[in-house]
Amino acid sequence: MTSTPNTSLQPTAAANYVVQAARVAAQSRMEGAAQFLKLQVPADGALYKLRLPSVAGQQRWLQFIWPGVLQLVDGQGTVLKETIAGWMERDMPYELSLLRKRKKADAVLLTAVWRRPHRAPFRLTFDASGVLRVCHARTKDCYGYSEPGIPSVLSRNYTGLSFHDLLPRLQ
């Protein structure tokens, strides 16, 4: 008599708990990383400034500021338009195309190494799409990434640990 392997494995309550605990830990890590990286931001908050061609003799600037806001500013510093990074394509498509000519979406605007006592150091990067990534400084493993424009919130698409990671493996 031969036994057939059970291919319809379903997560148990314990497995669901472990996956949820890993997500909570990643969210906590993301909040700490955002607070740390905020301290590295320049005083005016601008991570990137792009001078635009003048219109009717008035100078304009396109700037990407912490925590992931795209702004169109005139020569006096008045904000003409702004939107968060998650809505840039919808709200400011022309300005976004000007920004993308100079900076790709994954271009790093701000980086830092987050060292905590008795823990592994993390490399934090904030890119031109407004996403904060938390990676191990030595191995480069990704430990979380944020929603665009909201660096303290873990992306809903992030799956650091899944049910299949908990299944036993043959060595």
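Residues numbered from 1 in each chain as written. Predicted model: local features only at pLDDT ≥ 70, side-chain atom pairs only at ≥ 80, totals over all residues. Heavy atoms only, no water.

Draft legend 1. Representation of the sheet that holds strand S9 (residues 150–154). Taken together, the five strands give an open sheet; going across it, the order is S5-S6-S7-S8-S9, and neighbouring strands pair in antiparallel fashion. The open sheet has two edge strands with one neighbour each: strand S5 (108–114) and S9. The mean angle between the axes of side-by-side strands here comes to 25 degrees, regardless of whether they run parallel or antiparallel. Bridge analysis of strand S6 (residues 122–127) against strand S7 (residues 132–136) gives five bridges, and the strand direction is antiparallel. Counted as the bridge partner of Leu 124 is Val 134 from S7. In the packing of helix H1 (residues 13–38) onto the sheet, the strands contacted are S5, S6, S7, strand S8 (142–147) and S9, and the crossing angle to S9 comes to about 165 degrees. (Pairing = 2+ DSSP bridges. Helix = DSSP H or I, 4+ residues; strand = E, 2+ residues; numbered from the N terminus. Axes fitted to C-alpha atoms, helices over the stretch in contact; angles between N-to-C directions. Contact = heavy atoms within 4.5 Å.)

Draft legend 2. Representation of the pattern of salt bridges within the structure. Per the stated rule, a full pass over the model turns up five salt bridges. The residue Asp 44 makes a salt bridge to Lys 49 at a minimum N-O spacing of 3.4 Å. Residue Asp 44 is classed as exposed on the basis of its relative accessible area, which comes to 52%. Owing to a relative accessible area of 44%, Lys 49 belongs among the partly exposed residues under this scheme. A salt bridge links Arg 133 to Asp 127; the shortest N-O distance between them is 3.5 Å. (Salt bridge = Lys/Arg side-chain N within 4 Å of Asp/Glu carboxyl O. Buried < 20%, exposed > 50% of the residue type's maximum accessible area, 1.4 Å probe, protein only.)

Draft legend 3. A look at the pairing of S7. When you tally the buried positions in S7, you get four out of five residues, the bulk of the element. The antiparallel hairpin formed by S6 and S7 contains four residues in its connecting segment, where Gly 130 sits at a positive phi of about 80 degrees. Of the strand pairs in this sheet, S7 and S8 are connected by three bridges, and their pairing is antiparallel. Each residue of the ladder has a partner; that of Arg 133, found in S8, is Tyr 145. Following S7, the chain reverses through five residues before pairing antiparallel with S8; Lys 140 in that reversal takes a positive phi of roughly 70 degrees.

Draft legend 4. Expanded view of the packing of aromatic side chains. Counted under the stated rule, the structure contains six aromatic pairs. Here a set of aromatic residues connected by ring pairs shows up, and it is made of Phe 36, Trp 114, Phe 122 and Tyr 143. In this structure, Arg 116 packs its charged tip against the face of Trp 114, placed 4.4 Å from the ring centre. (Phe/Tyr/Trp six-rings, centres within 6.5 Å; stacked < 30°, edge-to-face > 60°. Lys NZ or Arg CZ within 6 Å of the ring centre and 35° of its normal.)

Draft legend 5. Up close: a nonpolar patch on the surface. A surface patch of nonpolar side chains, amounting to about 320 Å² of accessible area, comprises Ile 84, Trp 87, Ile 150 and Val 153. Examined against the element boundaries, Ile 84 turns out to sit in strand S4 (residues 79–84). (Patch = residues over 30% accessible without salt bridge, like charges linked within 9 Å, V, L, I, M, F, W, Y side chains within 5 Å. Areas by Shrake-Rupley, 256 points an atom, 1.4 Å probe, with all protein chains shown as cover.)

Draft legend 6. Focus on the environment of Val 153. Its place among the elements puts Val 153 in strand S9. Classification of Val 153 by relative accessible area gives partly exposed; the value is 34%. Val 153 sits 124 residues away from Arg 29 along the chain, and the two C-alpha atoms are 9.9 Å apart.

Draft legend 7. Main features of the side chain of Ser 146. Relative to the helices and strands, Ser 146 resides in strand S8. Judged by relative accessible area, Ser 146 falls into the buried class, the value being 2%. Within the local environment of Ser 146, its side chain forms a polar contact with the backbone nitrogen of Leu 132, the two atoms lying 2.9 Å apart. Leaving out residues up to four positions away in the same chain, Ser 146 has contacts with Met 30, Gly 130, Val 131, Leu 132, Pro 151, Val 153, Leu 154 and Ser 155. (Polar contact = N/O pair within 3.5 Å; in protein donor to acceptor, adjacent residues only side chain to side chain.)

Draft legend 8. Up close: helix H3 (residues 93–102). Residues of H3 that are buried: Glu 95, Leu 96, Leu 98 and Leu 99. Buried residues in H3, looked at end-on, bunch into an arc of 160 degrees, giving them a common side. Exposed residues on H3 whose side chains face more than 90 degrees from its buried face are Tyr 94 and Lys 101. At its buried positions, H3 is contacted by strand S1 (46–55), strand S2 (58–65), strand S3 (69–74), S4 and helix H2 (88–91). (Arc of directions from axis to C-beta.)

Geometric descriptors of this kind do not, in isolation, establish any biological role.
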